[in-house]
Amino acid sequence: MKNTYHLNTKLTGLIGHPIKHSYSPFIHNIAFDLKKLDFIYLSFDVTPSNLRTVLKGIVGLSIRGFNVTIPHKENIMQLLNEVSDEASIIGAVNTVVNDLGKLHGYNTDVDGIYETLQPYKEEISGNEISVVGAGGAARAVIYTLIRHFKPSKINLINRTEQRAESLKNYFYDKMKYDSFMTKELFPPQLVDVFKNSKLIVNATSVGMFPESDDSITSLHDSFTKEQIVFDLVYNPSQTQLLKLAAAQGAVTLDGLKMLVYQAAKSFELWTGESMPVEQIYKSLQLYVGN
Ligand code: NAP
């Protein structure tokens, strides 16, 4: 990786709290090098009470753009000059572009989800699916599925069922989609729900390092070889959920691909250039030890 920077080097980065486990600096700095772009990507640990001040600093320092992660994805929206239609429907921003002092917010998780699922569009369309989770990532998943994949029914499953219920009402208001069934995350009662789903998406943090032995279900008869199982967790990339589903013959999709594709869209927004995604994906797999 290059180590010479000068006056014209454009700064990009990540703000969040905590941020130390992020792979984004690895992804973007390698991509800048491969494309020979004079950019650098750094991580900044920003607490909620500092967010407003940090945004002023970003404008003052002409930082080109940045990614946003937990816990700022929702709160930052009201502090930006403009928010894309998609980010506004989802209710979360993960990428900001500084356009001559005006901050524009986007949600590129949608691109990561779309690119990961796109090869299975025909299978998903018109079929029943299950989404587990009701946080920011689940919102982006639900938006993308309704907008681009047209499932016949979405089972919305969450540990706190009330949050799934709120999400159902939210998406009815925003997108007029009403084929939802909400359920509590209680695996023994979900075997048939999962089994009847063409696609199962884990949009919770269950299974993430260091709790890598956990899974939203450990019941192997929840899966069939006709299914697609997508886990947004990327550390580890081969989660217990994916191992279990693969053992039953299901197609499994890990969170690393989504991570690279959401980064690619942010990269494009900041630089106007495309990211060499296949190369970056391979480098990332090596980096995380796949
Ligand atoms: P979030 O807003 O904090 O939501 C967390 C969700 O996980 C909630 O639905 C929560 O349920 C559920 N949950 C947490 N711990 C649980 C447990 N022990 N048992 C059952 N459910 C549990 O987080 P987020 O931003 O949506 O992110 C969710 C996951 O997606 C994270 O692992 C994140 O790393 C991943 N992600 C990946 C990418 C990618 O590019 N691959 C991008 C974005 C996010 P309750 O409502 O009951 O609390």
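Remember, it's a predicted structure, so these values are computed and weren't measured experimentally. (Residues numbered from 1 in each chain as written. Predicted model: local features only at pLDDT ≥ 70, side-chain atom pairs only at ≥ 80, totals over all residues. Heavy atoms only, no water.)

Draft legend 1. Geometry of the sheet that holds strand β3 (residues 65-68). Pairing is mixed across the open sheet formed by six strands, whose spatial order is β2-β1-β3-β5-β6-β4. Edge strands, defined here as strands with exactly one partner in the open sheet, are β2 (39-45) and β4 (82-83). Judged from the seven bridges that link them, strand β1 (residues 10-16) and β2 form a sheet pairing that is parallel. Within β2, the position partnered with Gly 13 by the bridge is Leu 42. Against the sheet, helix α1 (residues 24-34) touches β1, β2 and β3, its axis set at about 170° to β2. Contacts from helix α2 (residues 51-60) reach β1, β3, β5 (95-99) and β6 (102-106) within the one sheet, and its direction differs from that of β6 by about 115°. (Pairing = 2+ DSSP bridges. Helix = DSSP H or I, 4+ residues; strand = E, 2+ residues; numbered from the N terminus. Contact = heavy atoms within 4.5 Å. Axes fitted to C-alpha atoms, helices over the stretch in contact; angles between N-to-C directions.)

Draft legend 2. Layout of the site of the ligand. Close to the ligand lie 23 residues; Ala 137, Asn 158, Arg 159, Thr 160 and Arg 163 are nearest. One nitrogen or oxygen atom from the side chain of Arg 159 is found 2.8 Å from an oxygen atom belonging to the ligand. Between the ligand and Arg 163 there is a distance of 2.7 Å, counted from an oxygen atom to a side-chain nitrogen or oxygen. When the ligand is considered free in solution it has 930 Å² of accessible area, and contact with the protein chains removes 78% of it. Of all elements in the fold, only α6 (136-149) and α10 (255-271) reach the threshold of two or more residues within the shell around the ligand. No other element matches α10, which puts three residues into the shell around the ligand. (Near = heavy atom within 4 Å. Polar contact = N/O pair within 3.5 Å; in protein donor to acceptor, adjacent residues only side chain to side chain. Areas by Shrake-Rupley, 256 points an atom, 1.4 Å probe, with all protein chains shown as cover.)

Draft legend 3. Highlighting the packing of α1 against α10. Running from N to C, α1 and α10 point in directions that differ by 50°, and their axes come no closer than 10 Å. When the interaxial angle is binned, α1 and α10 end up oblique. Seen along the crossing, α1 lies across α10 with a hand that is right-handed. In contact with Ile 27, His 28, Ala 31 and Phe 32 of α1, α10 contributes Leu 259, Val 260, Ala 263, Ser 266, Phe 267, Trp 270 and Thr 271. Across the contact of α1 with α10, the residue classes break down as eight nonpolar, three polar and no charged. (Parallel < 35°, antiparallel > 145°, perpendicular 65-115°, else oblique. Left-handed = near helix turned anticlockwise from the far one by under 90°. Nonpolar A, V, L, I, M, F, W, Y, C, P; charged D, E, K, R; others polar.)

Draft legend 4. Here's a closer look at the sheet that holds strand β12 (residues 251-253). Across the sheet, which stays open at both edges, the six strands sit in the order β9-β8-β7-β10-β11-β12 with parallel pairing between neighbours. Each edge of the open sheet is held by one strand with a lone partner, namely β9 (180-184) and β12. Neighbour-to-neighbour, the strand axes of the sheet open up by a mean angle of 15°, direction not taken into account. For strand β7 (residues 128-132) and strand β8 (residues 153-158), the ladder comprises five bridges, and the chain directions are parallel. Bridging from a neighbouring strand, Glu 128 pairs with Lys 153 of β8. Contacting β10 (199-202), β11 (228-231) and β12, helix α4 (residues 109-117) crosses the sheet at an angle of about 150° to β11. Set on the sheet, α6 makes contact with β7, β8, β9 and β10; between it and β7 the angle comes to about 165°.

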